[in-house]
Amino acid sequence: MRRRRRKAVLLAAVCLSFFLGTAINLLGAPRVGHPRLPDEVTPGPGDAFWGDAPDSLRQQLRDRYRELIRYREPAAALVPGRGKERRLMDLEQREIRGPGTGTEPDTRRTDGVEGAPGLGCQDLNNGTDLHYLGSGYTKAVYRSVLNGNLSVAMKSVDFGGHDIQTCVRHYRTLEQCYRLASYKIVKEMILLQRLRHPNILQLYGYCYQDSNDISDTLTTITELGSPLEMIQLLQSPWEDRFRICLSLVRLLHYLAHSPLGSITLLDFRPRQFVIVDGELKVTDLDDASMEETPCVSHSECFLEFPARNFTLECSVEGRCQNINEKRNLYNAYRFFFTYLLPHSAPLSLRPFLDAIVNATGELRWGVDETLDQLEKVFYLYRYGLYLPNVTDNSTADYKEVAHYTVVDEDYKCWPSYHHNGCLLSVFDLNEAKDICRSHSQCQAFVWTNQTTWTGRQLVFFKTGLKSLAPDHEKLTYVKVSG
């Protein structure tokens, strides 16, 4: 009995610490009914909506509330029959009686996200293997396994985070500070629902329930990715690094032409992205903005970066022309392209890659041209059009040994898919022969049954045949004298 009680107390403590981080009153509304969003967001909700918040904090709450309305409205307008009576983010609550828990709200809507599991509070509360992954200024991120086999990321307001701590220290009101921080999570949810792209993290669902005597706490449930480790990425094969850059530009092209207009990522750093099955995906959208800088002259269209500044044109409509996509593109250049694109690329592709790096570093190209050029490189690489069109007339030939592999006889090369050996991707047999000729250690290579994301073949290069062994899935080529 004592052990069971101790286990229950521990479980309750874990749940409390997690949900305390999400403890917010999202709209300051009672649990029953769905508050009507105001037809006019200026001056915004009445004073009672913000409770006893100090004037300066109340103004911040109004500003963030108006921002949510601006991001929300285009999505609401596309859904017939759902106007301003829709609760912000469609966080509709339906009472579901759980076993032994009384009533608890559950939301299983993802607003039409294709392929999303539609997870809600019951899935969250029955999750296992909860681990803290990290936190930023506003949010804490956890990993959990839901329904026995789905690994997800969960985001909530971080009680110990910079935003909450600074706000509470200044205004002495925890509830309203939670509310202010919560609007960043709501904004991110709106954008994850509204923006659908393979390089944007997928929203699986959300949980909206009472916690710690504060109503309507929010936890979002998303796809789980791996952190983007730049040091590790720099040591990876060029093909994988190119994939990251191509994924990024495809994302930026979508953001430049999104249903909400041109969107910029104001907090553009590698830590805002994750890797899912080799693809780059943006995970933090709370600092995204669709606002275009107003101007009356070119001098007001000023883009400032640590190492470089730019002045863009002021359009006849009084907006800085393409400022959002240009900001994204230059950040892609300084954080990704300069490190990942040219190094160890095939020689015949380097002029194309150098042109991309130089043009984006000078902001001479927009995102459309940049994507066109990267897709061109991808096409040349994928279909082997970068290889010299010559006939193999070398005196050194290779003998084919079917259904055999070389177990050991490894040597290191760079960049390799194998840390202790030389495992490279090739377009065809001729390219494998060329690589083996260029390596003084190479005396044989093993044609595996594995391919890369482009469909290219993975080949092991070896120093000899001492460890030749049967393997019906492999094909070995041995260098012989002509």
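This one's a predicted model, so the numbers in the text were calculated from it and none came from an experiment.

We now examine the pairing of strand β19 (residues 468-480). Pairing of strand β15 (residues 397-406) with β19, which is carried by nine bridges, proceeds in the antiparallel orientation. Residue pairing for β19: Y398 is matched across the bridge by K479. Where strand β17 (residues 444-451) and β19 come together, four bridges link them in antiparallel fashion. By the bridge assignment for β19, F445 is matched with Y477.

With 76% of its residues at a pLDDT of 70 or more, the protein chain has an overall mean of 78. Predicted confidence is poor over residues 1-44, with pLDDT under 50, and the contacts of this stretch with residues over four places away or in other chains come to 91 contacts. For the stretch residues 74-116, pLDDT sits under 50, and the model shows 117 contacts to residues farther than four places along the chain or on other chains.

Below, the discussion takes up the side chain of T370. Looking at where T370 falls in the secondary structure, it is placed in helix α10 (residues 367-382). When its relative accessible area of 0% is taken as the criterion, T370 is described as buried. Those residues within four positions of T370 in sequence are excluded, and the remaining contacts are V249, L329, F337, I356, T360 and W365.

Turning our eyes to something else, we now look at unusual backbone geometry. With an omega dihedral of -5°, the bond running from W414 to P415 counts as a cis peptide bond. If you trace the backbone, P415 turns up in the loop between β15 and β16 (422-426). The backbone phi angle of H403 is positive, close to 60°, even though this residue is not glycine. The residue H403 is located in strand β15 in this model.

On to the side chain of D163, then. Following the sequence through the fold, D163 ends up in helix α4 (residues 162-171). Given the relative accessible area of 19%, D163 is considered buried. For D163, the side chain forms a polar contact with the side chain of K184, separated by 3.3 Å.

Soluble globular proteins: nonpolar side chains tend toward being buried together. Core analysis: the biggest nonpolar cluster contains 86 residues, and F242, L248, F273, F336, F337 and L341 have the highest contact counts within it. By residue number, the principal contributor to this core is helix α7 (residues 238-256), which donates 12 residues. Setting aside its immediate chain neighbours within four residues, F337 contacts C245, V249, A332, P342, V357, T360 and T370. Core analysis: the next-biggest nonpolar cluster, separate from the first, contains 16 residues, Y411, A432, C442 and V459 among them.

Looking now at the packing of aromatic side chains. For any pair of aromatic rings, the description rests on two quantities: the centre-to-centre distance and the angle between the ring planes. By the definition in use, this model includes 19 aromatic pairs. The interplanar angle of 45° and the centroid separation of 5.3 Å between the aromatic rings of Y330 and Y333 together place this pair among those described as tilted. Separated by three residues within a single helix, Y330 and Y333 lie in helix α8 (residues 323-340), roughly one turn from each other. Their ring planes at 55° and their centres at 5.4 Å tell us that Y398 and F445 sit as a pair that is tilted. Here F445 lies in strand β17 and Y398 lies in strand β15, a separation of 47 residues in the sequence. F445 carries the same exposure label as Y398, and that label is buried. Ring-pair connections join several aromatic residues into one group, and the members of that group are W238, F242, F378, Y381, Y386 and W453. Positioned over the ring face of F378 is R250, at 5.7 Å from the centre of the ring. The positively charged end of K462 is found above the aromatic ring belonging to F460, 4.7 Å away from the centroid.

The rules behind each value
Counting starts from 1 at the beginning of each chain's written sequence and moves along it residue by residue. With pLDDT at 70 or above as the cut-off, local features in this predicted model cover only qualifying residues; side-chain atom pairs require 80 or more to be listed or tallied, and sums for whole chains, interfaces and linings still use all residues. The basis for the side-chain values is all heavy atoms of the structure; hydrogens and waters are excluded. Pairing between strands is defined by DSSP: at least two bridges between the two strands are required. A run of H or I in DSSP counts as a helix once it spans at least four residues, and a run of E counts as a strand once it spans at least two, with each numbered from the N terminus. What pLDDT reports is the predictor's confidence in each residue, on a scale of 0 through 100. Contacts between residues were defined by any pair of non-hydrogen atoms, one from each residue, lying within 4.5 Å. Note on classification: 1.4 Å probe, protein chains only; a residue is buried when its accessible area is under 20% of the maximum for its type, exposed when over 50%, partly exposed between these limits. In the analysis that follows, any N or O atom pair within 3.5 Å is treated as a polar contact, provided that within protein one partner can donate a hydrogen and the other can accept it, and provided that, for residues neighboring in sequence, both atoms belong to side chains. Put simply, a nonpolar core is a bunch of buried Ala, Val, Leu, Ile, Met, Phe, Trp, Tyr and Cys residues held in one set by side-chain atoms that sit within 4.5 Å of each other. Classification of ring pairs uses Phe, Tyr and Trp, with its six-membered ring standing for Trp, and accepts pairs whose centres are within 6.5 Å; under 30 degrees between planes counts as stacked, over 60 as edge-to-face, and the remaining range as tilted. Only when the NZ of Lys or the CZ of Arg is both within 6 Å of the ring centre and within 35 degrees of the ring normal is a charge said to sit over the ring.

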